Amino acid sequence: MNKAVKSLDPVHEDAMSLQDLPALNAALNSLAFILLLIGYRFIKRGQKKAHRNTMVSATVVSSLFLTSYLTYHFHFGHKVFPELGWIKTLYLSILIPHILLAVLILPLILLTFFWAFKGNWAKHRAIARITFPLWIFVSVTGVVIYFFLKLFYL
């Protein structure tokens, strides 16, 4: 097959597949983490419009992550980490709080956005002080979990 035709082939071996979604998820979590830090820096400098735009971007990236994550697990289910002694214990000690806080973070993000949208800055700041570190934790541990799975399972 010539190169011009091969590059248009949607099932070409270089095309992304559902099995590539964990790597995409890690990239999206990493990008969300970076955007969160940038957004934090903007608000600390009083750059409210830049903060708003960056936090909206972090939310979009996290939404893309959630869509990709759910798509992957819909098709492949969950995986049981192999029995590797203390490595599995370490993995589970990261995974369990990650899962619990990942469930909690979505309503917190929505509530934080709600108060910003309403212009109630006191309530926005109060909830953001909780949302921000938890969102950072969930983003970072999501990437760590990916690397555990990549090293020991995938």
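This is a predicted model, so every value here is computed, not measured.

Enquirer: Hey, could you run me through the layout of surface pockets in this one?
Expert: Empty space among the atoms becomes visible once a probe the size of a water molecule is rolled across them. Of the voids in this model, the largest pocket is the one considered here, and its volume is about 1000 Å³. Among the secondary structure elements, those contributing two or more residues to the lining of the largest pocket are helix H2 (21-44), helix H3 (48-76), helix H4 (86-118) and helix H5 (121-152). By residue number, the principal contributor to the lining of the largest pocket is H4, which donates twelve residues. Classifying every residue of the lining of the largest pocket gives 25 nonpolar, eleven polar and two charged. For the second largest pocket, the calculated volume is near 770 Å³. Ile-43, His-51, His-124, Arg-125 and Ala-128 are, among the 21 residues lining the second largest pocket, the residues nearest its centre. At the level of secondary structure, the elements contributing two or more residues to the lining of the second largest pocket comprise H2, H3, H4 and H5. Here the element with the most residues in the lining of the second largest pocket is H5; it accounts for eight residues. Considering only residue class, the lining of the second largest pocket consists of twelve nonpolar, four polar and five charged.

Enquirer: Please clarify how the packing of H2 against H3 should be interpreted in this entry.
Expert: The axes of two packed helices give the description: the angle between them and the distance between them. Interaxial distance between H2 and H3 falls to 8 Å at its minimum, and their mutual angle equals 165°. For the element pair H2 / H3, the angle class is roughly antiparallel. Once H2 is placed against H3, the crossing between them reads as left-handed. The residue makeup of the contact of H2 with H3, split by class, is 20 nonpolar, nine polar and one charged.

Enquirer: Looking at this structure, I do not really get the nonpolar core. What am I missing?
Expert: Within soluble globular proteins, side chains that are nonpolar tend to cluster in buried spots. Core analysis: the biggest nonpolar cluster contains 16 residues, and Leu-36, Ala-58, Val-61, Ile-105, Leu-108 and Trp-135 have the highest contact counts within it. Broken down by secondary-structure element, the contributors of at least two residues to this core are H2, H3, H4 and H5. The residues contacting Trp-135, other than those within four sequence positions of it, are Leu-36, Met-55, Ala-58, Thr-59, Ser-62, Ile-105 and Ile-109. Grouped together as the second largest cluster of nonpolar side chains are eight residues, Ile-94, Leu-95, Phe-148 and Leu-149 included.

Enquirer: Explain the confidence of the model for the chain here, please?
Expert: Averaged over every residue, the pLDDT of the chain is 90; residues scoring 70 or more account for 90%. Residue range residues 1-7 is modelled with pLDDT below 50. Its contacts to residues more than four positions away, or to other chains, number three contacts.

Enquirer: Would you mind going over H2 with me for this structure?
Expert: Note on helix geometry: an α-helix contains 3.6 residues per turn, so any two residues three or four positions apart are oriented the same way. For H2, built from 24 residues, the straight-helix expectation of 34 Å at 1.5 Å per residue is met to within 8% by its first-to-last C-alpha distance of 34 Å. Within H2 the residues assigned to the buried category are Leu-21, Pro-22, Asn-25, Ala-26, Leu-28, Asn-29, Ala-32, Leu-35, Leu-36 and Gly-39. For H2, the elements touching its buried residues are H3 and H5. Remark: Gly-46 follows H2 within two positions and exhibits a positive phi of approximately 80°.

Enquirer: Looking at this model, I keep getting lost on the packing of aromatic side chains. Mind explaining?
Expert: The geometry of an aromatic ring pair is captured by the separation of the ring centres together with the interplanar angle, meaning the angle of the planes. Following the criterion strictly, the structure yields ten aromatic pairs and no others. Ring centres of Tyr-40 and Phe-132 lie 4.8 Å apart, and the angle between their planes is 15°; this geometry places the pair in the stacked category. Here Phe-132 lies in helix H5 and Tyr-40 lies in helix H2, a separation of 92 residues in the sequence. Exposure remark for Tyr-40: the relative accessible area of 38% places this residue in the partly exposed category. Taken together through their ring pairs, the aromatic side chains of Phe-81, Tyr-91, Phe-148 and Phe-152 make up a single cluster.

Conventions used here
Residues numbered from 1 in each chain as written. Predicted model: local features only at pLDDT ≥ 70, side-chain atom pairs only at ≥ 80, totals over all residues. Heavy atoms only, no water. 1 Å grid on protein atoms, 1.4 Å probe; cavity = no way out; pocket = protein on both sides within 12 Å on 5 of 7 lines; lining within 4 Å. Points joined across faces, edges and corners; volume = space filled by probe spheres on them. Helix = DSSP H or I, 4+ residues; strand = E, 2+ residues; numbered from the N terminus. Nonpolar A, V, L, I, M, F, W, Y, C, P; charged D, E, K, R; others polar. Axes fitted to C-alpha atoms, helices over the stretch in contact; angles between N-to-C directions. Parallel < 35°, antiparallel > 145°, perpendicular 65-115°, else oblique. Left-handed = near helix turned anticlockwise from the far one by under 90°. Core = buried A, V, L, I, M, F, W, Y, C linked by side-chain atoms within 4.5 Å. Buried < 20%, exposed > 50% of the residue type's maximum accessible area, 1.4 Å probe, protein only. Contact = heavy atoms within 4.5 Å. pLDDT = per-residue confidence, 0-100. Expected span 1.5 Å × (residues − 1). Phe/Tyr/Trp six-rings, centres within 6.5 Å; stacked < 30°, edge-to-face > 60°.

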